[in-house]
Amino acid sequence: METLYLSAENPDTAVIAGKIIQQGGLVAIPTETVYGLGANGLDEAAVAKIFEAKGRPQDNPLILHVSETAEIEKFCHSIPEAAYTLAEKFWPGPLTIVLPARDTVPKRTTGGLSTVAVRCPDCQVTREIIRCAGVPIAAPSANISGKPSTTTAQHVRHDHDGRIDAIVDGGPCRVGVESTIVDLTESRPRLLRPGGITPEQLRSVLGDLVIDKAVTAQIDKDAVVKAPGMKYKHYAPACDVVIVSGSREKAAAYIHSHFEASDRVLCFEEELPLYKDCAPLAYGKESDVSTLSAGLFSALRILDDPGIHRVYARCPIGEGVAFAVQNRLKKAAAFHIIDAEAEV
Ligand code: AMP
Ligand code: MG
């Protein structure tokens, strides 16, 4: 199969990509979070192709992308007022809301669940593609399952060239980590995945928010969890990733004393001078967490190299978007964290 490359700037792109979706094809779509691998979310056969292309476990549901809030009524029922308030405040944007699913949504899209995740992305060309297709686009991140997510069209080309119908190039993703997921199907709102919309922002609207334990801890593969995606290995390069926490000085001392020739250091730009002899790679500025979220997956992809044995990574502390970066990096490291302050 020859993959068609379409620029978001080309005025015909939405019509062309929309038609491919309508006809049951696979299109990689840009969003403000990460690139998604999209198909008609109401077409079982089209959705099956996403799982096949990614090598994604069947019970890991997809997100249904809509072009405006009103569309969710076709796919969800018993929608609480809070969903509309969140949509009003944060859509289009990096927030996914889990709601009870209508029968119009195939089980393949929901991974067999009775709930469905919906989101309106903050990306004009993608909303236009959804409008042209006339159907919601089901999409997970476009990466091969288990690998770091795709935040540029080049990442998608690397993973899927010749295996999907089209890639829409909308440039690098602004946020760089996947959407925040909030579940509104229980008595209390629950954060299933942190992202560009922070827990503080959600609480300011909802007044209450439970943080699911899968956000901060390793989940057993056989566990029953609210978001099945959380139990799988995620975001990881081929080598071991070890997070080294603690002050700059203590972390550098620990890393220098353990570093071997085939290792790499993933750090903040401010720390580059500390690791001159350790092949450092900076993924953004510690002083500006949005650069860390935007740069994390590109960096993890560079480090996905069979010649690398181990990556020592520095992780931002604090709340807000840093919480999402911590979550992705800890998952990439399979929660292997060394506290340099406690080392002698
Ligand atoms: P991805 O953005 O590639 O991680 O894929 C979509 C994510 O949304 C996965 O982590 C899923 O587990 C999550 N998700 C999709 N639908 C649901 C749902 N109905 N309930 C909980 N989580 C969901
Ligand atoms: Mg993913």
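This text goes with the structure placed above it.
Note that the coordinates shown come from a computational prediction; the quantities given were computed from them, not determined experimentally. For every chain, the first residue of its written sequence is number 1, and the numbers climb from 1 along that sequence. To label them, take the chains in the order written and letter them from A, then take the ligands in the order written and number them from 1. Two thresholds apply to this predicted model, a pLDDT of at least 70 for residue-level local features and 80 or more for giving and counting side-chain atom pairs, whereas whole-chain, interface and lining totals are computed over all residues. Heavy atoms from the whole structure form the basis of all side-chain values; hydrogens and water molecules are not counted.

(A) Structural context of the overall build of the chain. Summing up its helical and strand segments, the chain has 10 helices and 16 strands in all. Against the compact-globule benchmark of 20 Å for 344 residues, the chain has a radius of gyration of 20 Å, which places it among compact chains. Along the first, second and third principal axes, the C-alpha atoms of the chain reach 60 × 50 × 35 Å. Taking all 344 residues of the chain together, the buried fraction comes to 56%. A separation of at least 24 residues holds for 66% of the contacts in the chain among residues at least 6 apart in sequence. Note that accessible areas follow from Shrake-Rupley with a 1.4 Å probe, and for residues the cover is restricted to the protein chains shown. For the chain, the accessible surface area stands at approximately 14100 Å², while carbon and sulfur atoms represent 50% of it. Helix numbering and strand numbering both begin at the N terminus, where a helix is a DSSP run of H or I of at least 4 residues and a strand a DSSP run of E of at least 2. The quantity called the radius of gyration is restricted to C-alpha atoms. Its globule counterpart is 2.2 Å times the number of residues to the power 0.38. The cut-offs for exposure are 20% and 50% of the maximum accessible area for each residue type, with area from a 1.4 Å probe on protein chains only; residues under the lower value are buried, those over the upper are exposed, and the others partly exposed. Residue contacts follow a heavy-atom distance rule, with two residues in contact if any of their heavy atoms lie within 4.5 Å.

(B) Here's a closer look at unusual backbone geometry. For the peptide bond that leads from Trp 91 to Pro 92, omega is -10°, which places it in the cis range. On the secondary structure map, Pro 92 appears in the loop between helix 3 (81-90) and strand 5 (95-100). The backbone of Ala 279 sits at a positive phi, close to 45°, despite the residue not being glycine. The residue Ala 279 is located in the loop between strand 13 (263-267) and strand 14 (280-282) in this model. A relative accessible area of 36% means that Ala 279 is categorised as partly exposed.

(C) Looking closely at helix 2 (residues 44-54). Listed as buried for helix 2 are Ala 46, Val 47, Ile 50, Phe 51, Ala 53 and Lys 54. Gly 55, located one to two residues past helix 2, shows a positive phi value of around 70°.

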